[in-house]
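Results of the structural survey
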Amino acid sequence: MALSVVPRRSDLCLAIHGANAACHGLHGAPGSFAATMSALSRARAEGQRVWVASWITRSNCRSLVALADVLVGHRVAGWAICWPRVGDATAPSLARLVPRLGIAVPHALRAVERARGRGLEVAVVGVPSCALGPFAAHALRVGAGGVYPPVCEGCPSRAGCAGIEPWTLARLGGLELRQVPVVHGVDRSEEVAQGLAAAVIELGEIA
């Protein structure tokens, strides 16, 4: 079910894709890391809540654990780690941006574990439940979700699963998908869910 997102006016949503300028700059505009971190520091100094969203890509997935520590240090309210959403499935950049689920997602899950261990609210968005294993509890569905190939028919976890992005299925196929038992979600307040969803929506599409 899609969330009706109504973030507080005083909240700030930011896109941060890496723990340093070089990694963030692979997906952000030149110079945007310094500007974004400055906005983050200023907002926290003024008592604003900050929600952060990041892509999971071939380029930045190995930096996500380090980014978790950066975000904890800046006392952000929550972090959404997102499988890329695209508007143009023919974009030539996609092939180099996105690896198979089994290559990129484990790095994201290590980042979830690090964030949760340090008290940061965190969610994974756009990754099918079967790729998340026991971390499926940390999934957050924002919007309509993806598609469900035939292997998903009858899957016990389908009702709470985000499915797979159509372009991901077309590019990588469904061989990594399988049926898995239901994993019940973490106890996340509506306020936190709203803030995380707002950051995802602000993040938009990667291509």
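The structure presented is a predicted model; accordingly, all values stated were derived computationally and were not measured.

Looking now at the pattern of salt bridges. This structure, assessed with the given rule, holds 7 salt bridges. Here glutamate 176 ties to arginine 100 by a salt bridge, and the two come within 4.0 Å at their closest N and O atoms. Placement of the pair is glutamate 176 in the loop between helix 6 (166-172) and helix 7 (190-203) and arginine 100 in the loop between helix 4 (94-97) and helix 5 (101-117), with a sequence separation of 76 residues. A salt bridge links arginine 116 to glutamate 121; its shortest N-O distance comes to 3.7 Å. Owing to a relative accessible area of 25%, glutamate 121 belongs among the partly exposed residues under this scheme.

Considering all chains together, one arrives at 1 cavity of 30 Å³ or more under this definition. In this structure, the largest cavity occupies an estimated 100 Å³ of space. For the largest cavity, the lining is made up of 17 residues, of which Cys130, Cys152, Cys155, Cys161 and Arg178 are closest to its centre. Its residues assigned to classes, the lining of the largest cavity shows 11 nonpolar, 4 polar and 2 charged.

This part covers the layout of surface pockets. Reported here for the largest pocket is a volume of approximately 550 Å³. Lining the largest pocket are 27 residues, with Ala139, Leu140, Arg141, Gly160 and Gly185 sitting closest to its centre. Estimates place the volume of the second largest pocket at around 200 Å³. Around the second largest pocket, the lining is made up of 16 residues, and of these Arg85, Val125, Val142, Gly145 and Glu165 lie nearest the centre. For the lining of the second largest pocket, the residue count by class is 8 nonpolar, 5 polar and 3 charged.

Another aspect to go through is the packing of helix 3 (residues 64-73) against helix 5. The contact between helix 3 and helix 5 brings their axes to 8 Å, and the two run at 25 degrees. Overall, the two elements helix 3 and helix 5 adopt an arrangement that is roughly parallel. Between helix 3 and helix 5 the crossing geometry is right-handed. Touching Leu64, Val65, Ala68 and Asp69 of helix 3 are His107, Ala108, Arg110, Ala111, Arg114 and Ala115, all from helix 5. For the contact of helix 3 with helix 5, the class distribution of residues is 6 nonpolar, 1 polar and 3 charged.

Time to look at the confidence of the model for the chain. Caution is warranted with low-pLDDT regions, since their predicted coordinates should not be read in detail. Counting all residues, the mean pLDDT for the chain is 91, and 96% of those residues have values of 70 or more. In the model, residues 1-6 has pLDDT below 50 throughout and makes 13 contacts with residues more than four positions away in sequence or in other chains.

Ranked by size, the top nonpolar core spans 65 residues in total, and within it Ile16, Ile56, Trp79, Ile81 and Trp83 carry the most contacts. Isoleucine 56 has contacts with Cys61, Leu64, Ile81, Cys82, Trp83, Pro84, Ala104, Ala108 and Val127, leaving out every residue within four places of it along the chain.

So, how was this worked out
- Residues numbered from 1 in each chain as written.
- Predicted model: local features only at pLDDT ≥ 70, side-chain atom pairs only at ≥ 80, totals over all residues.
- Heavy atoms only, no water.
- Salt bridge = Lys/Arg side-chain N within 4 Å of Asp/Glu carboxyl O.
- Helix = DSSP H or I, 4+ residues; strand = E, 2+ residues; numbered from the N terminus.
- Buried < 20%, exposed > 50% of the residue type's maximum accessible area, 1.4 Å probe, protein only.
- 1 Å grid on protein atoms, 1.4 Å probe; cavity = no way out; pocket = protein on both sides within 12 Å on 5 of 7 lines; lining within 4 Å.
- Points joined across faces, edges and corners; volume = space filled by probe spheres on them.
- Nonpolar A, V, L, I, M, F, W, Y, C, P; charged D, E, K, R; others polar.
- Axes fitted to C-alpha atoms, helices over the stretch in contact; angles between N-to-C directions.
- Parallel < 35°, antiparallel > 145°, perpendicular 65-115°, else oblique.
- Left-handed = near helix turned anticlockwise from the far one by under 90°.
- Contact = heavy atoms within 4.5 Å.
- pLDDT = per-residue confidence, 0-100.
- Core = buried A, V, L, I, M, F, W, Y, C linked by side-chain atoms within 4.5 Å.

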